[in-house]
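# Examination of the molecular architecture
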Amino acid sequence: MGDEKKVNPDQIIPSSVKLKDVKLAYYYIITYSKYLLLTLLLVTISLHLSTYTTEDLFILLNHLKQNLVLVIVCSTTLFLLAVIYIQKRPRNVYLVNFACYKPSDSLMCPIESYLGRASQIFNEEHVAFQKKIIERSGLGPKTYFPEAFFRESADPSFTDARKEVEMLAFGAIDELLAKTGVNAKDIGVLVVSSGIFCPTPSVSAMVVNHYKLRSNILSYNITGMGCSAGIISINLVRQLFQLHSNCYALVVCLDSTTQGWYIGSNRSMLVPNCIFRMGSAAILLSNRSSDRHRSKYKLVQIVGTHRGSDDKSYGAVSQGEDEDKRIGTTLSKDIMSVAGEALKTNISTLGPLVLPLSEQLLFFGSLIAKKVFKMKIKSYIPDFKLAFEHFCIHAGGKAVLDAIKKNLELTEWHMEPSRMTLYRFGNTSASSLWYNMAYTEGKGRVKRGNRIWLIGFGSGFKSYSAVWQALKNVDPAKEMNPWMDEINEFPVHVS
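Okay, so let's go over this structure. These numbers come from a predicted model, not from an experiment. (Residues numbered from 1 in each chain as written. Predicted model: local features only at pLDDT ≥ 70, side-chain atom pairs only at ≥ 80, totals over all residues. Heavy atoms only, no water.)

## Regarding the pairing of strand β11 (residues 462-470)
Threshold: Buried means the residue's accessible area, taken with a 1.4 Å probe over protein chains only, is under 20% of the maximum for its type, while exposed means over 50%, and partly exposed covers the values in between. By definition, any uninterrupted DSSP run of H or I lasting at least four residues is a helix, any uninterrupted run of E lasting at least two residues is a strand, and each is numbered from the N terminus. Criterion used throughout: strands pair if DSSP finds at least two bridges between them.
β11 sits mainly inside the fold: eight of its nine residues count as buried. As paired elements, strand β10 (residues 451-458) and β11 share eight bridges and run antiparallel to each other. If you follow phenylalanine 457 over to β11, its bridge partner there is serine 463. Count of turn residues in the β10/β11 antiparallel hairpin: three residues, of which glycine 460 carries a positive phi of about 135 degrees.

Set out below in C-alpha cells:
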C-alpha cells in the first residue's frame, strides 16, 4: 500500500489529445450530424429516382390527371397554409444602429476628486468607507458625474436632475439620428427607461416635445425597473412590432445620478454613490424588411426572469428614507446570492432555446444521472461559449462580473467588454450593456453571423437576457462611438 502511487486523471488521456479537443470534436459531430443525415437522405432519394424510366413517369402523370380534383385541393390547402404562416409568423426586429453618450471632459471625476468632494460632505469614517468600496469596485479614474456634483451645494435640486436627464437623452438621440439619417417624425414607437427620475411631464414626453415627434406616436415611460430596463424596453418594442408593421422604434436608456446622489449617513445607501455614474444610450429598432440590409443586428431571443414573489429578492435593491428622512437606494447584503438565483433561473429558460444539441444532451444526461440513478456526480455546466461569440454583461460591479465569469466558465477575453465598461464609465445602469456592445464593435470583433448575449439585472429582482445576431461585419474604422478615440488604450489591468 505504501508504494501505491496516485494517478492523475489527466494522464489517462494521452498528452497529444486534450479534453477540450475531444469536447470540440463531440460538438461538431452532434451539431452537423443532421446535415450528414439530410445529405444521406437526398442521396438515397436521388438513387431511387434514377431507377425510374420514362414509362414510369407517364404512368405517374396519368394517375395525377385521374385525381385532378384531389391534386387541386391539396395544392390550394398547402398554398393557404403557407400564406397564413407567413402572415402569422413573428415580425423580425432589426437593430439599425445605436449610440452611447460620452459626456464632456469637464464632467470627468477621478477618484481623488470624488473623495475630495466627499470629504466636504461626509465625516472621515464615511469617506474612508466610500474609498474602500471604490477601490474594490473596478471603476477607473475617468468616470463622469453631473454638473451639480461639482458645485458647493451638497444637495442637488430637481431642476439639476432634469437638466442632467435632458443632456443624456438629447445627446444620445442626436448622435443616433445623425448616424442613421432617420427623420424623427418617422419614429412610430418611443420607449424611455429612466430608473429613479420620474417627473411630470414624463421623460418620454420631454423627448416628444424636444424632437416634435408625431401626434400618434406610441410613447411609453418605464421607471423603477433598475438596470434591466434596457432589455425590458426592447421586449416591449418586440411585442408592439407584432401589432404595427413598417415601423421605427426609438429606445432611450438613462438614469439620473443627480437624483440618486445620497448625502446621509446610512452605509448601505452610500454604496450606490461609489459605483453609479452618468451615461445613456439610444437605440433605433425597425421591423421593416427593407431595413435588413442596413441594420447591424437581428433580435433572436429575449428571456426574462422576475423573482419579485420572493421577499429576499424583492428587497435586494430598494429606495427609501434613512433615519434622517433622506432618500437613498439600499443594496442589501443578499444581493449577490439574489442575483445568482435570478441568473440561474434565467439561464435554465434560455439554455434550451440557444444551446447546441450537443450541450443539451450532456446537460440532460447529467441531470438524469443525478436525479434518476442517484449518481454522485457534479452537475454539468453547459458551455455557453458554443452558443455565443460575445458576452455583454451588465457592469454592475467587479464582484458581480467575477461571479458570472466563474459560473459560466468564461475567459478574460469574453469578460473584457464588461470589465472595461465598468472601468471607463462605471455602472451607468440600463445603458451599460450598450457601452459593452460599443466596446466589442470598437475592437473589430463583431463578424457577420456572430451571436451576442446581453445579460441585465434589475431591482425587483429581475434578470433579463437578449440574444442578437450580427447581420454584417462591423468595421471599427467606420464607427462613431464613445470608445473610438481611445480604444487602443484598452484593455487595461484591473486589480
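## Some details on the pattern of salt bridges
For side chains of opposite charge, pairing can occur when their charged atoms come near one another. Quick note on the threshold: Take a side-chain nitrogen of Lys or Arg and a carboxyl oxygen of Asp or Glu: if they are within 4 Å of each other, that pair is a salt bridge.
The full count for this structure, using the stated rule, is 17 salt bridges. A salt bridge links glutamate 389 to arginine 451; the nearest nitrogen and oxygen atoms lie 2.7 Å apart. A residue pair is termed long-range when its members are at least 10 positions apart, and glutamate 389 in the loop between α13 (357-371) and β9 (390-393) and arginine 451 in strand β10 qualify at 62 residues. For arginine 451, a relative accessible area of 27% corresponds to the partly exposed category. With a shortest N-O distance of 3.0 Å, aspartate 402 and lysine 398 are connected by a salt bridge. With aspartate 402 and lysine 398 both in helix α14 (residues 398-408), this residue pair falls four residues apart, about one helical turn. One continuous salt-bridge network, built from bridges that share partners, spans Lys398, Asp402, Lys405, Glu412 and Arg419.

## A few points about a nonpolar patch on the surface
Stated precisely, the cut-off is as follows: Two distance rules govern patches: like charges are joined within 9 Å, and nonpolar side chains (Val, Leu, Ile, Met, Phe, Trp, Tyr) within 5 Å, applied only to residues with over 30% relative accessible area and no salt bridge. Residue-level accessible areas treat just the shown protein chains as cover; the underlying method is Shrake-Rupley with a 1.4 Å probe.
A contiguous nonpolar patch, built from Leu38, Leu41, Leu42, Ile45, Leu49, Tyr52 and Leu57 and spanning about 680 Å² of accessible area, is present on the exposed surface. No other element matches the five residues that helix α1 (residues 19-49) contributes to the nonpolar patch. Tracing the chain through its elements places tyrosine 52 in the loop between α1 and α2 (54-66).

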